[in-house]
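# Structural overview
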Amino acid sequence: MNKAKRPGRTKQTPKGISKKEVHDVEEMSSPRTPVIYEVVRRLGEDEMNRPITSLWWSGVAAGLSISFSLLAQAVLQAHLPDTPWRPLVSSFGYCVGFLMVVLGNQQLFTESTITAVLPLFKNTSWKNIGRMARLWAIVLAANFTGTFFAAMFCTFTPAIPAELLHGMQDISRVLLGLSWWDMAFQGVSSGFLIAAMVWMIPSAETAKFAVITLMTYLIAIGGFTHIVAGSVEANMLVLAGDWEWWRMLGQFFVPVLLGNMVGGTALFALISYAQVMEEI
């Protein structure tokens, strides 16, 4: 006598697993690496196709938003006792600006060091090189403009209490003790971490908040340099008289920019492409 087949089972279904459970497995599985690559690549394509005006104002908004990282750090530092563990807690403030930028879909230069490069790796052409350079130039200029106006606003208006302003300046003065090579190599680390964050977000789903917080918190406690968040601090130092403009550009802007580009593009983006180039 033939035994009745259990409902929901097929020859293609693994033994002991129903059709519904197969569907649940597919829902719970992380996307394959080529899928993540394609999501990030298409994001880069969309960014490079955006109008100049949209890129500009999105970049300015990102520069303004990321200034809240420095402000939040100063707020936490002002309310914590002067102990060896205080930086471990106050560094969480650094995440605030990045959460505003990333969750708000604002244009951040260091995110584009991977998103704009993956389309170029897939189709290397002068047209794509030009599109990437256009995106980078507009977003970087817009980010820096936003951070400059944020620094001006904090320094020359009564919007920020004097105690917090001094706290922001004190945090910024850490940059004064870094050499050119310190700036550059620490920029490589932060560029890699931001690119890793962008790569992880498509599979993070509801954990985006945690991913952004973790990656940017590591940048803060590691003392790594970031071209956009750090330019708020650099502009604060210039406006406070601690740095001249030319020294800020040569001592901070150039090495950190190069470091972030190497970390996000030459290291992470290249490795990300290499692991899927035979599958796409």
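Everything here concerns the structure above.
This write-up is about the structure you can find in this document. None of the values given here were measured: they were computed from a predicted structure.

### Here's the deal with the pattern of salt bridges
- Enumeration according to the criterion identifies 8 salt bridges in this entry.
- Where Arg42 meets Glu38, a salt bridge forms, and the shortest distance between an N and an O atom there is 3.0 Å. With a gap of 4 residues between them, Arg42 and Glu38 both fall in helix α2 (residues 33–49), about one helical turn apart.
- Using a relative accessible area of 52% as the deciding quantity, one classes Arg42 as exposed.

### Focus: unusual backbone geometry
- Despite not being glycine, Asn105 has its phi angle at roughly 55°, a positive value.
- Assignment of secondary structure puts Asn105 in the loop between α5 (94–103) and α6 (109–115).
- By relative accessible area, Asn105 is classed as exposed at 64%.

### What to know about the packing of α2 against helix α10 (residues 180–204)
- In contact at an axis separation of 9 Å, α2 and α10 are set at 110° when each is read in the N-to-C sense. By the angle class used here, α2 and α10 are roughly perpendicular. When you trace α2 past α10, the crossing you get is right-handed. Here Thr33, Ile36, Tyr37, Val39 and Val40 of α2 come into contact with α10, specifically with Val198, Trp199, Pro202 and Ser203.

Conventions and cut-offs
- For every chain, the first residue of the written sequence is number 1, and numbering continues from 1 onward in sequence order.
- Only residues with pLDDT of at least 70 are given local features in this predicted model, and only at 80 or more are side-chain atom pairs given and counted; all residues enter the totals for whole chains, interfaces and linings.
- Each side-chain value is derived from all of the structure's non-hydrogen atoms; neither hydrogens nor water enter the calculation.
- Between Lys or Arg on one side and Asp or Glu on the other, a salt bridge is scored when a side-chain nitrogen of the former is within 4 Å of a carboxyl oxygen of the latter.
- A run of DSSP states H or I qualifies as a helix once it reaches four residues; a run of E qualifies as a strand once it reaches two. Both are numbered from the N-terminal end.
- Residue burial is assigned from relative accessible area. The probe radius is 1.4 Å, only protein chains are included, and a residue is buried under 20% of its type maximum, exposed over 50%, and partly exposed in between.
- Axes, fitted as lines to C-alpha atoms, cover a helix only where it is in contact. Angles between the N-to-C directions of the axes lie from 0 to 180 degrees.
- Orientation is classified from the angle alone, with under 35 degrees giving roughly parallel, over 145 giving roughly antiparallel, 65 to 115 giving roughly perpendicular, and any other angle giving oblique.
- Crossing handedness: left-handed means the near helix sits turned counterclockwise from the far one by under a right angle, and right-handed means the same turn made clockwise.
- The contact rule is simple, with two residues in contact once any of their heavy atoms fall within 4.5 Å.

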